[in-house]
Amino acid sequence: MAVSYTHCLQSLRVTPRTRLFVSPVDFWRGNRIVKSYSPVSASSKKPHQDLSLEAKVETLLDSVKWDDKGLAVAIAQNVDTGAVLMQGFVNRDALAATISSRKATFYSRSRSKLWIKGETSLNFINIHDIFLDCDHDSIIYLGKPDGPTCHTGSETCYYSSVFDFFKNSQGEESSNLALTTMYSLESTIAQRKAELASPENGKPSWTKRLLLDDKLLCSKIREEADELCRTHEENEDKSRTASEMADVLYHTMVLLSLKEVKLEDVVQVLRLRFSQSGIAEKKSRAAQG
């Protein structure tokens, strides 16, 4: 399950060199929680630039359509997988603290205080960006979790499928994570891999055959990659290209499973390359090798 990004979402960016501490909130520094009691910017920029930043943050906070209790919904989403991790509530101070600390911070309605996701478990959600929706009444914390987000130990707080509940004759809740298509495929491949340890009745599935035969797997990856290239060389239609690319993705994901590499790890590598040229990235790999 993922939240789509559309033209309605407006990005709030605060550079790593800039920190705005808003009174009176807790925020995370290093490995401890500390307090700040005055609106002082810790940016290395000049004082008048700091004031400008403070004004921008205040303007941003003023633009949010807080409810009658001064709250808004905040959804935490994994920057690499797109998975919706959790939902909570924030007030002005919680949003300001998140901008400052780059740790997802919420407001507890039951305890009437701010809380940082991970302050007890150390499973922080490290913020990469913050988005407001088109009506400015809900927020996305786009970040990278340090570990499971749910207090149950689940990767996300969303693992109870309504449709699975309807299908279950006993009326029991499911325990399947809400996954987007690629990660659902990854999960299925992992399940087939786990099943290899059990005796097989009948003919094995294609995925299991690939998992058991390295030569077959690698030959199929090369074959599918060549067919993908030929859709371009021979000017085939887009549907053919999409089909061949699906084959490439599937077979390479089987290889990733064998190598115990998660798709999320691959996507993270791509994300980290966004701000680096391809030439520079290749040179860095050569230097490391």
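See the structure shown above.
Keep in mind the model is a prediction, meaning the values are calculated, not measured.

Remarks on the overall build of the protein
Line of reasoning, step 1. Each helix and strand counted, the protein has nine helices and eleven strands in total.
Line of reasoning, step 2. Within the protein, the proportion of its 289 residues that are buried is 37%.
Line of reasoning, step 3. For the protein, long-range pairs separated by at least 24 residues make up 52% of all intrachain contacts whose partners lie at least 6 apart in sequence.
Line of reasoning, step 4. In the structure as shown, the protein presents an accessible area of about 17600 Å², 54% of it carried by carbon and sulfur atoms.

A short note on the packing of aromatic side chains
Line of reasoning, step 1. This structure, assessed with the given rule, holds three aromatic pairs.
Line of reasoning, step 2. Ring geometry for Phe106 and Tyr141: centres 5.4 Å apart, planes at 55°, overall tilted. With Phe106 in strand E8 (residues 105–108) and Tyr141 in strand E11 (residues 138–145), the pair connects residues that are 35 residues apart, well separated along the chain. Like Tyr141, Phe106 is buried.
Line of reasoning, step 3. Three or more aromatic residues joined by ring pairs make a cluster, and in this case those are Phe106, Trp115 and Tyr141.

Some points on the packing of helix H6 (residues 214–233) against helix H7 (residues 238–258)
Line of reasoning, step 1. Across the interface, H6 lies against H7 with an axial gap of 9 Å and an inter-helix angle of 155°. Viewed along their axes, H6 and H7 adopt a mutual orientation that is roughly antiparallel. In the crossing of H6 with H7, the sense of the turn from one axis to the other is left-handed. Taking contact as the criterion, the partners of Asp214, Leu217, Cys218, Lys220, Ile221, Glu224, Ala225, Glu227, Leu228 and Thr231 in H6 are, on H7, Arg240, Thr241, Glu244, Met245, Asp247, Val248, His251, Thr252, Val254, Leu255 and Leu258.
Line of reasoning, step 2. Residues of the contact of H6 with H7, tallied by class, amount to ten nonpolar, four polar and seven charged.

Brief notes about helix H8 (residues 263–272)
Residues that lie three or four places apart on an α-helix share one face, since the helix turns once every 3.6 residues.
Line of reasoning, step 1. Of the positions making up H8, those classed as buried are Leu263, Glu264 and Arg271. Projected onto a plane normal to the axis of H8, the buried residues spread over an arc of 95° and lie on a single side.
Line of reasoning, step 2. Looking at the buried positions of H8, the neighbouring elements they touch are strand E6 (72–78), strand E10 (125–132), E11, helix H4 (181–195) and H7.

A look at the nonpolar core
Line of reasoning, step 1. Ranked by internal contacts, the top residues of the largest apolar core, which has 27 residues, are Val90, Leu95, Phe106, Ile125, Ile130, Ile139 and Tyr141.
Line of reasoning, step 2. Elements that contribute at least two residues to this core include exactly helix H1 (47–63), E6, strand E7 (84–90), helix H2 (92–101), E8, E10 and E11.
Line of reasoning, step 3. When neighbours within four sequence positions are excluded, Ile125 is seen to be in contact with Ala76, Leu85, Met86, Arg102, Lys103, Ala104, Lys117, Gly143, Lys144, Pro145 and Thr149.

Some remarks on the pairing of E11
Line of reasoning, step 1. Of all the eight residues making up E11, seven are buried; the element is thus mostly covered by neighbouring parts of the structure.
Line of reasoning, step 2. Relative to E11, E6 runs parallel, the two being bridged by six bridges. Looking at the pairing, Asn78 lines up with Gly143 of E11.
Line of reasoning, step 3. Pairing analysis gives seven bridges linking E10 to E11, with the strands arranged antiparallel. Looking across to E11, one finds that Ile125 is bridged to Pro145.
Line of reasoning, step 4. Between E10 and the antiparallel strand that follows it, E11, lie five residues; His136 among them carries a positive phi value of about 60°.

Structural notes on a nonpolar patch on the surface
Line of reasoning, step 1. A cluster of nonpolar side chains, namely Val162, Phe163, Phe165 and Phe166, defines an oily patch on the protein surface of about 460 Å² accessible area.
Line of reasoning, step 2. Its location among the elements puts Val162 in helix H3 (residues 162–167).

What about the packing of H4 against H8?
Line of reasoning, step 1. Axis separation between H4 and H8 bottoms out at 10 Å; the angle between their running directions is 140°. What the angle tells us is that H4 and H8 run oblique. Contacts between H4 and H8 involve Met182, Tyr183 and Glu186 from the first element and Leu263, Glu264 and Val267 from the second.
Line of reasoning, step 2. When the residues that make up the contact of H4 with H8 are grouped by side-chain class, the tally is four nonpolar, no polar and two charged.

What counts, and where the lines are drawn
Residues numbered from 1 in each chain as written. Predicted model: local features only at pLDDT ≥ 70, side-chain atom pairs only at ≥ 80, totals over all residues. Heavy atoms only, no water. Helix = DSSP H or I, 4+ residues; strand = E, 2+ residues; numbered from the N terminus. Buried < 20%, exposed > 50% of the residue type's maximum accessible area, 1.4 Å probe, protein only. Contact = heavy atoms within 4.5 Å. Areas by Shrake-Rupley, 256 points an atom, 1.4 Å probe, with all protein chains shown as cover. Phe/Tyr/Trp six-rings, centres within 6.5 Å; stacked < 30°, edge-to-face > 60°. Axes fitted to C-alpha atoms, helices over the stretch in contact; angles between N-to-C directions. Parallel < 35°, antiparallel > 145°, perpendicular 65-115°, else oblique. Left-handed = near helix turned anticlockwise from the far one by under 90°. Nonpolar A, V, L, I, M, F, W, Y, C, P; charged D, E, K, R; others polar. Arc of directions from axis to C-beta. Core = buried A, V, L, I, M, F, W, Y, C linked by side-chain atoms within 4.5 Å. Pairing = 2+ DSSP bridges. Patch = residues over 30% accessible without salt bridge, like charges linked within 9 Å, V, L, I, M, F, W, Y side chains within 5 Å. Salt bridge = Lys/Arg side-chain N within 4 Å of Asp/Glu carboxyl O.

Honestly, it's all geometry; don't read function into it.
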